[in-house]
Amino acid sequence: MTQRENNAKPIFSVCGKGGVGKTAVSALMARAFLELGPRPVLLIDADPAGGLVSAVGEKADKTLAGARDQLISTARGAGDAEKTRLAQDLDYLVMEALVEGPGYSLLAMGRMEAKGCFCPANTLLREAIDLLAEPFAMVLIDAEAGLEQIARQVTRRVTRVIALSDGSSRSVQTIDLITRMVDPSIMGVIGNRVDRVDDLGLPPNVEFLGIIPEDDQVRAFDRQGRSLWDLPSDNPALTAARAVAEKLINP
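Residues numbered from 1 in each chain as written. Predicted model: local features only at pLDDT ≥ 70, side-chain atom pairs only at ≥ 80, totals over all residues. Heavy atoms only, no water.

1. Points about unusual backbone geometry
Here is step 1 of the chain: With an omega of 0°, the peptide bond running from G37 to P38 counts as cis.
Here is step 2 of the chain: The residue P38 is located in the loop between α1 (22–36) and β2 (41–45) in this model.
Here is step 3 of the chain: Here the residue pair R39 and P40 is connected by a cis peptide bond, since its omega of -5° sits within 30 degrees of zero.
Here is step 4 of the chain: Topologically, P40 is positioned in the loop between α1 and β2.
Here is step 5 of the chain: Here R193, not a glycine, exhibits a phi torsion of approximately 60°, which is positive.
Here is step 6 of the chain: When you line up the elements, R193 lands in the loop between β7 (187–192) and β8 (207–212). (Helix = DSSP H or I, 4+ residues; strand = E, 2+ residues; numbered from the N terminus.)

Here it is in C-alpha cells:
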C-alpha cells in the first residue's frame with residue numbers, strides 16, 4: 001500500500017486484534033463523519049461476525065455473503081458462458097444488498113456459508129469496495145479482526161488504515177505487524193479504553209490520532225443492544241471520536 005494521494009477519495013479502514021473495540025469505535029466514527037460531512041458516506045461491515053449493523057441501529061436483510069452464496073448455488077454445474085453471465089449479475093446483487101439511510105448507505109459482509117473457489121469471500125469484498133465507492137464522498141470500513149483482509153489486499157484502495165490499540169501486548173504486536181504490511185504514512189493509531197498515549201507502544205513514524213476513553217454509557221448501550229448513534233451528543237467517547245474524525249477529514 002502506497003503513500004497517501006492528496007486527491008484520493010477518503011477510504012478509512014478500522015482494524016486491530018479481536019476484542020479491541022473496532023465495532024464500537026467504527027460506529028462512533030461513522031456518526032462523527034455524518035455530523036461533520038461531507039456526505040454521503042458508505043459504511044461497510046466487513047467483519048463476518050457482524051456488529052456494525054446493529055451498533056448503528058440498522059438491520060441487513062441482504063448481505064454480501066448472501067449474494068455470494070446465491071451466486072455459488074446457481075454456478076454449480078453451470079458452463080463457462082453461464083458463469084460469465086453470473087459474474088456480471090454480481091454487481092446487481094451487491095447493489096441490492098445496500099441498506100440506505102439519511103446521508104449514508106451500509107453494506108454488511110455477513111457470514112459465508114457456501115464453500116467453493118468460484119467467488120472467494122475477500123475477493124468479492126475487494127471488488128464490492130471498488131464497485132460501490134465511486135458515488136460516495138467517503139468510505140468507512142469496520143474490518144475483520146486480525147490481518148487477513150490486509151494480507152489479501154482487501155484494503156488496496158484504503159487511504160488511511162486506522163489501527164486500534166488497547167495497550168495490551170497482543171494489540172501492540174498486531175499493530176507492529178500491520179506496519180510491516182502497509183506504508184506507515186497512511187497508518188494512524190487510536191487508543192481505545194486507555195488513559196495515556198504512553199500505554200500504546202506506538203511504532204516510530206506512525207501517527208497518533210487520539211484516545212477514545214472507557215465509557216460506562218457506551219458499555220451499557222452495547223450490553224443492551226442499543227444503537228450507539230443514540231448516545232447523547234456530549235458523550236465523552238463520542239466527543240473523542242469526533243475529534244479524531246475532524247483530524248482525518250482535515251489532515
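2. Re α1
Since the α-helix turns once every 3.6 residues, residues separated by three or four places project in the same direction.
Here is step 1 of the chain: Taking 1.5 Å per residue as the helical rise, α1 with its 15 residues ought to reach 21 Å, and the 21 Å between its terminal C-alpha atoms agrees with that figure.
Here is step 2 of the chain: Listed in full, the buried residues belonging to α1 are K22, T23, V25, S26, A27, L28, M29, A30, R31, A32, F33 and L34.
Here is step 3 of the chain: Looking one or two residues past α1, G37 carries a phi angle of roughly 75°, positive in sign. (Expected span 1.5 Å × (residues − 1). Buried < 20%, exposed > 50% of the residue type's maximum accessible area, 1.4 Å probe, protein only.)

Function cannot be inferred from these measures alone, as they are strictly geometric.
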